[in-house]
Amino acid sequence: MEALVPLMVALSGLPALGIAGWYARGQPGPQARGLALRWAALALALFLGAAGLYWAGGEHGRTIAVVVAMLVAVNALIVSMVLQLRRRGGGGES
């Protein structure tokens, strides 16, 4: 029963991986490649978070540490995606 939550977190990373693949092969350009990379990193963060939750095994301190790390990583990647989308044309890196 302790594997149910990590499994659900890992399954929630699959759509992000699919979106990364869709961006990677569907739209040319540096902005699309950047978004594909960010979506793939988001999926990786969720998969690693799921592995960390499974490793925590229900121990309260470890679980809190893994959840906080996963929240920070996912939110940082989402902010990065929003900033990438707001960036105007070109694809010049700053």
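Refer to the structure presented above.
All of the points below concern the structure found in this document. (Residues numbered from 1 in each chain as written. Predicted model: local features only at pLDDT ≥ 70, side-chain atom pairs only at ≥ 80, totals over all residues. Heavy atoms only, no water.)

The next thing to look at is the overall build of the chain. Within the chain, the secondary structure is distributed over 3 helices and 0 strands. Taken from the N to the C terminus, the helices and strands of the chain come in the order α-α-α. Counting the 94 residues in the chain, one finds 28% classified as buried. The long-range fraction of contacts in the chain, counting pairs at least 24 apart against all pairs at least 6 apart in sequence, stands at 68%. Here the chain has roughly 6,400 Å² of accessible surface; of this, 69% comes from carbon and sulfur atoms. (Helix = DSSP H or I, 4+ residues; strand = E, 2+ residues; numbered from the N terminus. Buried < 20%, exposed > 50% of the residue type's maximum accessible area, 1.4 Å probe, protein only. Contact = heavy atoms within 4.5 Å. Areas by Shrake-Rupley, 256 points an atom, 1.4 Å probe, with all protein chains shown as cover.)

Next up on the list: helix H2 (residues 30-56). The terminal C-alpha atoms of H2, which comprises 27 residues, lie 38 Å apart, in line with the 39 Å expected from a rise of 1.5 Å per residue. Taken from the residues just after H2, Gly57 is the one with a positive phi, measuring 60 degrees. (Expected span 1.5 Å × (residues − 1).)

Once that is clear, we can look at the nonpolar core. One recurring pattern in soluble globular proteins is that nonpolar side chains are buried together. If you look at the biggest cluster of nonpolar residues, it comprises 17 residues, and the most contacted ones within it are Val9, Tyr23, Leu42, Leu46, Leu53, Met70 and Val74. Broken down by secondary-structure element, the contributors of at least two residues to this core are helix H1 (4-26), H2 and helix H3 (60-86). By residue number, the principal contributor to this core is H2, which donates 9 residues. Residues contacting Leu42, with those up to four places away along its chain left out, are Ala16, Val74, Leu77 and Met81. (Core = buried A, V, L, I, M, F, W, Y, C linked by side-chain atoms within 4.5 Å.)

This brings us to the side chain of Arg38. Inspection of the secondary structure puts Arg38 in helix H2. In terms of polar contacts, Arg38 uses its side chain to reach the side chain of Ser80, at 2.6 Å. Not counting the four nearest positions on each side in its chain, Arg38 is found in contact with Leu77, Ser80, Met81 and Gln84. (Polar contact = N/O pair within 3.5 Å; in protein donor to acceptor, adjacent residues only side chain to side chain.)

Turning our eyes to something else, we now look at the pattern of salt bridges. In this structure the tally under the stated criterion is 1 salt bridge. Across the pair Glu59 and Arg62 runs a salt bridge, and its minimum N-O distance is 3.8 Å. The class for Arg62 is partly exposed, based on a relative accessible area of 33%. (Salt bridge = Lys/Arg side-chain N within 4 Å of Asp/Glu carboxyl O.)

If you check H3, its first and last C-alpha atoms are 39 Å apart, about what 27 residues at 1.5 Å a residue would give, namely 39 Å. When we look at burial in H3, the residues that qualify are Val66, Met70, Val74, Leu77, Met81 and Gln84. Elements that come into contact with the buried residues of H3 comprise H1 and H2.

Before going further, it helps to examine the environment of Leu77. Position of Leu77 among the secondary structure elements: in helix H3. Between the C-alpha atoms of Leu77 and Val67, which are 10 residues apart in sequence, the distance is 15 Å. Leu77 has contacts with Arg38, Ala41, Leu42 and Ala45, leaving out every residue within four places of it along the chain.

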